[in-house]
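Structural overview for review
Given next are the chains, with one letter for each unit.
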Amino acid sequence: MSMFLQFTVTGIAVGLVYSLIALGFVMVWKSSGVANLSMGQMLLLFAWFAYSMLAQKGIPIWLALILVLVFSLAVGWLMERVILRPLIAQPILSLITVTLGVSFVITGLVSFLWPKGIAALPRLFPQNPVHIGSAIVSQEYLWAAVISLMLFALLSLYFKYNRTGIVMRATADDQKAVQACGIAVTKIFSRSWMLAGALAAISGVLMASIGGITFGLVDTGMRAFSVVILGGLDSFLGAIVAGPIIGLAQMVGGGYLTPLTWPGVNDVIPFIIIIIVMFIKPFGLFGEERIERI
Amino acid sequence: MLKLNNIEVAYLNIIRVLHGVSLQVEDGSIVALLGANGAGKSTTLKAISGLLHVEDGAVTDGEIEWNGAKIHKKNAEEIGKMGIIQALEGRHVFGHLTVEENLIVGSYNRKDRGAIKSDIEMVYDYFPRLKALRRKMSGYLSGGEQQMLVIGRAMVAQPKLMMLDEPSLGLAPLLVEEIYEIIRRFNTERKVSVLLVEQNVRVALGIAHYGYVMENGRVVLDGTADFLKNNEDIKEFYLGLSAVGAQKSFRAVKHYKRRKRWL
Ligand SMILES: Nc1ncnc2c1ncn2[C@@H]1O[C@H](COP(=O)(O)OP(=O)(O)O)[C@@H](O)[C@H]1O
Ligand SMILES: [Mg+2]
């Protein structure tokens, strides 16, 4: 029983972080129609950057974290401005391919700048584990869950009440009509890339404080793709709901099945779920309803 | 005042669509741009609003002047900020946004945030029906309500020149009258110039002061609304309209599909 509880709590917590990453993906997809395949590599880059900042003597933790956030916003902005904007109106395949190219570049850069390839992030959260019923969970998981939930709330307020947030949703609906209102959609694209960068940085730091910095962070990014596909490419709600589903499947299913089958089975389970869901709902659980009223 | 001097427009540098169009819109007037499908009316509007660039089109010759400044090289954002706003053909509402959120997008470029609320109230004054629907998702509105929203979204930007592309398309006659009366009121009360693209010649000339008739990328006839109403060719064109009307719905479907691909 305590095992089950432990798997459940950690599964949900990790799943919520997957949701964060997925939100970054969905945001860019909805506003500019680009599938950003480099989310995992961005996670890796920002986690290493956080490592470097936190390791600096003399910089307080809060300042180091702010620097990470600023760096991630800058990287997001740069990716849109320098790489994607010149490709506006190019075939969708080129846009996707170029993000794949970016992911290779980041991988190379990370290996070059941080050749040791593996490191532990300095502790950000209190060390003593927490008892939940009969389960013992280390605090990183709980903080990850709480921070993710807070960010969901913040983002939904942003999209509901902030004028730029509203225009971002409008752009997802009808880019040309946004331009007809005299609004520069390129500003909207760059805003969504910056937000995606920030989400990658936050989730990168959260995952790194749970499991250390390794190339496994790229796999975490891959798992966020499963979340996106399961939840529906264009659905924020889908990303939020599908994250914990994937996290649970991986932790609970993996936790019980690994001793019976083979190590690594936990990575297969999410895909089995996705395949089943795809048969039933091809646009994902929450793929946006198409409003067709003519 | 808006002035088009002999403009030529081509898409993709090869498909020439406008062959020397000249027209002008005096401050505070309503000008109708008439003509059959494919005549180049929407292209003319897009050339003015700067949306041509979005579709790989460009003004290849001639010039467009707005209050003395040349604007044909500017983009939609700059032109919008100068006070020219276009409502696209075919009721492009933001379907997943509420009515009010649609209007907020329309007012996005307003610097003065305090004025936005009163601008939105102004739109509700002109379209009380929109006020009742303010929290409703606009994708579920009826065609007429969506058209009102598209016009309201242009109004809320506080333009000096509002360009409307076939606002009567596919609407019941009574609704068309209602919407046109509101456009006329907005023009007189707010001193906003209106450039109106229409195939429905009768209603358009009902409120316009001046009109231009286009054919194959050229202006073939122009004059005051009264002159045009009594012109024999116009009468014939106007009678021939029902045949065009039959094709229209088919084209609307095609247009809709094309839009879907954009997303
Ligand atoms: N984006 C485009 N690319 C190429 N040709 C276009 C484009 N848009 C319109 N055209 C062509 O330009 C001509 C005029 O179209 P348009 O301005 O939409 O006419 P109207 O609004 O009077 O029906 C048509 O022959 C149309 O096929
Ligand atoms: Mg047209």
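Scoring rules and cut-offs
- Every chain's residues receive numbers from 1 upward, in the order its sequence appears when written.
- Just so you know, chain letters begin at A and ligand numbers begin at 1, following the order they were written in.
- Given that this is a predicted model, residues contribute local features only at a pLDDT of at least 70 and side-chain atom pairs are listed and counted only at 80 or more, while totals for whole chains, interfaces and linings are drawn from all residues.
- Note: side-chain values were computed over all heavy atoms of the structure, leaving out hydrogens and water.
- Nearness is defined per residue: one heavy atom within 4 Å of the molecule or strand is enough.
- Pairs of N or O atoms within 3.5 Å make up the polar contacts considered here, provided that, within protein, one atom can donate a hydrogen while the other can accept it, and that residues adjacent in sequence are counted only when both atoms are side-chain atoms.
- Here the Shrake-Rupley method, with its probe set to 1.4 Å, supplies the accessible areas, and only the displayed protein chains count as covering residues.
- Only DSSP runs of H or I covering at least 4 residues are called helices, and only runs of E covering at least 2 are called strands; the numbering of each starts at the N terminus.
- The classification used treats Ala, Val, Leu, Ile, Met, Phe, Trp, Tyr, Cys and Pro as nonpolar, Asp, Glu, Lys and Arg as charged, and all other residues, Gly among them, as polar.
- Each aromatic pair joins two rings of Phe, Tyr and Trp (for Trp, the six-membered one) with centres within 6.5 Å, and gets the label stacked for planes under 30 degrees apart, edge-to-face for over 60, and tilted for any other angle.
- Relative accessibility under 20% of the residue-type maximum defines a buried residue, over 50% an exposed one, and the middle range a partly exposed one, all with a 1.4 Å probe and only protein chains included.
- For two strands to be treated as a pair, DSSP must find no fewer than two bridges joining them.
- Note on contacts: a residue pair is in contact if any heavy atoms of the two residues lie within 4.5 Å.
- Here, axes are lines fitted to C-alpha atoms. For helices the fit covers the stretch in contact, and angles between N-to-C directions go from 0 to 180 degrees.

1. Let's talk about the site of ligand 1
All names here are of chain B. Near ligand 1, the surroundings consist of 13 residues, among which Gly38, Lys41, Ser42, Thr43 and Glu55 are the closest. Between ligand 1 and Tyr11, the relevant distance is 3.4 Å, taken from a nitrogen atom to a side-chain nitrogen or oxygen of the residue. One of the side-chain nitrogen or oxygen atoms of Lys41 is found 2.8 Å away from an oxygen atom of ligand 1. Summarising the interface, the protein chains cover 71% of the accessible area of ligand 1, which totals 560 Å² for the free molecule. Contributing elements (two or more residues each) for the shell around ligand 1: strand E2 (15-25) and helix H1 (41-49). The element best represented in the shell around ligand 1 is H1, accounting for 3 residues. Of the residues that constitute the shell around ligand 1, the class distribution is 5 nonpolar, 5 polar and 3 charged.

2. Let's talk about the packing of aromatic side chains
Enumeration according to the criterion identifies 11 aromatic pairs over all chains in this entry. On the numbers, 5.5 Å between centres and 80° between planes, the contact of Phe7 of chain A with Tyr256 of chain A is edge-to-face. With Phe7 of chain A in helix H1 (residues 2-32) and Tyr256 of chain A in helix H10 (residues 236-260), this pair connects stretches of sequence that are 249 residues apart. Relative to Tyr212 of chain B, the ring of Tyr210 of chain B lies with its centre 5.3 Å away and its plane at 55°, an arrangement referred to as tilted. Judged by relative accessible area, Tyr212 of chain B falls into the buried class, the value being 6%. Here a set of aromatic residues connected by ring pairs shows up, and it is made of Phe46, Phe49 and Phe71 of chain A.

3. Observations regarding the sheet that holds strand E1 (residues 2-11) of chain B
Strand pairing in a sheet takes place through backbone hydrogen bonds and is either antiparallel or parallel in direction. Residue and element names in this part refer to chain B. Across the sheet, which stays open at both edges, the 4 strands sit in the order E2-E1-E4-E5 with antiparallel pairing between neighbours. Of all the strands in the sheet, the pair left with one neighbour each is E2 and strand E5 (69-70). Relative to E5, strand E4 (residues 57-66) runs antiparallel, the two being bridged by 2 bridges. Its bridge partner lying in E5, Glu65 is registered against Lys70. The sheet strands contacting H1 are E1, E2 and E4, and the helix crosses E1 at an angle near 110°.

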